[in-house]
Amino acid sequence: MKFPAFSYACPTSLAEAIELLNDDEDSRPLAGGQSLLPMMALRVAAPRMLVDLGNIEALRQSVVLPDSMRIGAMATHAMNAASFDIWMHFPLMAQALHHVAHQAVRNRGTFGGSIAHADAGAEMPLVVSALDGVLLLDGQSGQRTLPASEFFQGHYTTAIEPGEILTGVEIPFSDMDWAFEELSRRPGDLAIAMVAAGVSVEDGVCSQARLMLGGISDHPIRAVEAETYLIGRELTPNVIRAAAGMSAAGIHARSDTHASADFRLSLATTLMRRALTQLATGAI
Amino acid sequence: MRRADEDQKMGVVATVNGRERRFEVLPRVSLADSLREELGLYGVRVGCEHGVCGACTIIVDDLPVRSCLMLGVQADGKTIRTVESLGGGKELHPLQQAFQRHHALQCGFCTSGILATAQALLEENPCPTRDEVREVLSGNICRCTGYQTIVDAIMDYAACAQANDTAFDAGAGESAT
Ligand SMILES: Cc1cc2nc3c(=O)[nH]c(=O)nc-3n(C[C@H](O)[C@H](O)[C@H](O)COP(=O)(O)OP(=O)(O)OC[C@H]3O[C@@H](n4cnc5c(N)ncnc54)[C@H](O)[C@@H]3O)c2cc1C
Ligand code: FES
Ligand code: FES
């Protein structure tokens, strides 16, 4: 359908954008428009005003810091997929970006938009959660930061307050090895289930582990029990099978037209087993 | 700052198919509809209008994008190419000729979006593998052909271009064979 009517502003500074968003409580930031505009076409959303963030140059920039990288909210998926810094420092993110939508959507859709939108089947919220990213927010009452674990609250639900803008995400460098696995119906579709697994192996045994599941529940879930189980163990097929089984246990999985809750849990186990196997065969 | 109320048209200046064009649109009008209705570029197809079918794919600042998921007002200052620019707009481009030879279209509704997608791929990667072509096409839906002939046409074009050592030239009009 055609979009419902709205007024439009295209500020060139963050301060102007924040002011516009606070002037009208029914206004929404417009990033790449690859999720917001479809929702408007489908009449799921009908904001009175769109504040286009596309001309705020500062939001597009990413910087490498001594121990972390700050990725700008308005960096597109295509820019990030082509970024040497991301490829070098966050191979997990580079792998996951291959699964985000199609070229034409990646050319407009943004990193920040994907995170602010927080679709349960989107890859970037899982990546940011797995890598312990810190979300940078700016609003009328000033700047604040939030860890990913407090930011993602549910399908389409985050800790962003009305009138606030996500300016970027600061992601610390990780010394673990990472693997990403996903199942979707076609390349470029949102994930039915996906996992991110990170491990460090020292003297043949696992010394650090981070296991995250996405698409299963309404927000990224960390498999703490399975992580603890892996520590001090060798990544043998039996250990991997046990950890993969543990990682999906007890999750309240969602059920929709694409997959039932049971199928999602079974996929989670399989994908986690594949990810850990990939790490074990590469890392040991 | 550029801004407009919901019932207020906004002026846009863009380079469209090599020429500077000016038009005025309401904020709610998509770029696809702006190009069709304001500039008469009916080669831009509007299918699903929410980003999933790829029929409306055009090239903006050298990158393929969904023109149903951009606003007309966002075209200001951009360089836009639609299917009308292929082959200089007069003759069929060799890529279009390859589509004709391989029966890569039936109703043709998806074709301009697929051509834009293929054009962007070939500009970046002149000799793609069959798998690469299939992956790029995953964002475009065709209800008629079953895709094989589309992949055949793109591979055939790429092979000819490689044999003649020519890069993708959107303005080319003579036969490639
Ligand atoms: C056909 C298709 C397939 C897709 N497949 C995938 C996929 O496989 N995986 C995937 O992850 N995504 C997928 N997407 C979505 C795509 O990645 C979007 O780019 C992304 O979800 C939203 O980013 P955007 O920049 O387009 O945001 P927009 O659509 O502009 O905005 C989305 C929401 O976030 C808010 N917002 C945006 N930026 C900010 C900000 N900086 N601060 C505060 N709020 C903000 C907006 O107000 C809006 O509510 C797909 C989209 C399409 C059309
Ligand atoms: S009309 Fe734009 S993707 Fe379908
Ligand atoms: S030729 Fe009919 S949809 Fe592709």
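## Quick word on the pairing of strand β2 (residues 10-16) of chain B
All names here are of chain B. Judged by which residues are buried, β2 turns out to be one-sided: M10, V12, A14 and V16 face inward and are buried, whereas G11, V13 and T15, on the alternate face, are not. Both β2 and strand β3 (residues 19-25) contribute to a ladder of seven bridges, which runs antiparallel. Among the inter-strand pairings, M10 is bridged to a residue of β3, identified as V25. Between the antiparallel neighbours β2 and β3 lie two residues, among them N17 with a positive phi of about 50°.

## So, the sheet that holds strand β1 (residues 7-10) of chain A
Note: strands within a sheet are paired through backbone hydrogen bonds, in either parallel or antiparallel orientation. A sheet is described by the order of its strands in space; here four strands give the open sequence β2(A)-β3(A)-β1(A)-β1(B), paired in mixed fashion. The open sheet is flanked by β2 (27-30) of chain A together with β1 (2-4) of chain B, the only strands paired with a single partner. Adjacent strand axes in the sheet meet at a mean angle of 20°, parallel and antiparallel pairs treated alike. Pairing of β1 of chain A with strand β3 (residues 49-52) of chain A involves three bridges; the strand directions are parallel. Paired with S7 of chain A across the bridge in β3 of chain A is M49 of chain A.

## A few points about the sheet that holds strand β11 (residues 177-183) of chain A
Residue and element names in this part refer to chain A. The strand order β11-β12-β13-β14 describes an open sheet built from four strands, whose pairing is antiparallel. Because the sheet does not close on itself, it has two edges, and the strands there are β11 and β14 (221-222). As judged from the nine bridges shared by strand β12 (residues 193-202) and strand β13 (residues 205-214), these two strands associate in the antiparallel manner. Of the residues in β13, the one forming a bridge with V201 is C206. Running over the sheet, helix α8 (residues 123-130) touches β11, β12 and β13 and is turned about 150° from β13.

## What about the nonpolar core?
Grouped together as the largest cluster of nonpolar side chains are 38 residues, with contacts concentrated most on M93, F111, I115 and M124 of chain A. With five residues, the single largest contributor to this core is α8 of chain A. Here I115 of chain A is in contact with M124, P125, V128, L135, F151, F152, T158, L166 and V169 of chain A, once residues within four sequence places are set aside. Core analysis: the next-biggest nonpolar cluster, separate from the first, contains 36 residues, L36 of chain A together with L41, C56 and V65 of chain B among them.

## Looking at the site of ligand 1
Around ligand 1, a shell composed of 33 residues is seen, among which P29, Q34, L36, T110 and E123 of chain A lie nearest. Residues near ligand 1 are shared among chains A and B, making this a multi-chain site. Between ligand 1 and the protein, one listed contact pairs an oxygen atom with a backbone N or O atom of A31 of chain A at 2.8 Å. Separating an oxygen atom of ligand 1 from a side-chain N or O atom of T110 of chain A is a distance of 2.6 Å. Here ligand 1 has 970 Å² of accessible area as a free molecule, and 93% of this is covered by the chains.

Reading the values: rules and limits
- Sequence order as written defines residue numbering, which begins from 1 separately in each chain.
- A letter from A marks each chain and a number from 1 marks each ligand, given out in the order of writing.
- With pLDDT at 70 or above as the cut-off, local features in this predicted model cover only qualifying residues; side-chain atom pairs require 80 or more to be listed or tallied, and sums for whole chains, interfaces and linings still use all residues.
- As a rule here, side-chain values come from all non-hydrogen atoms in the structure, and water together with hydrogens is ignored.
- Under the scheme applied here, a residue whose accessible area is under 20% of the maximum for its type counts as buried, over 50% as exposed, and between as partly exposed, the area being computed with a 1.4 Å probe on protein chains only.
- Here a strand is any run of E in DSSP of at least two residues, a helix any run of H or I of at least four, and the numbering for each starts at the N terminus.
- Strands qualify as paired when DSSP identifies two bridges or more between them.
- To get an axis, fit a line to the C-alpha atoms, keeping to the stretch in contact for a helix; angles then go from 0 to 180 degrees between the N-to-C directions.
- Contacts are assigned to residue pairs that have any heavy atoms within 4.5 Å of one another.
- To form a nonpolar core, buried Ala, Val, Leu, Ile, Met, Phe, Trp, Tyr and Cys residues must be joined to one another through side-chain atoms within 4.5 Å.
- Nearness here has a simple test: a residue counts as near a molecule or strand if at least one of its heavy atoms is within 4 Å of that partner.
- Polar contacts, as counted here, are pairs of nitrogen or oxygen atoms within 3.5 Å of one another; within protein the pair requires one atom able to donate a hydrogen and one able to accept it, and residues that are adjacent in sequence qualify only if both atoms are side-chain atoms.
- Surface accessibility follows the Shrake-Rupley procedure with a 1.4 Å probe radius. Residue values consider only the protein chains on display as shielding.

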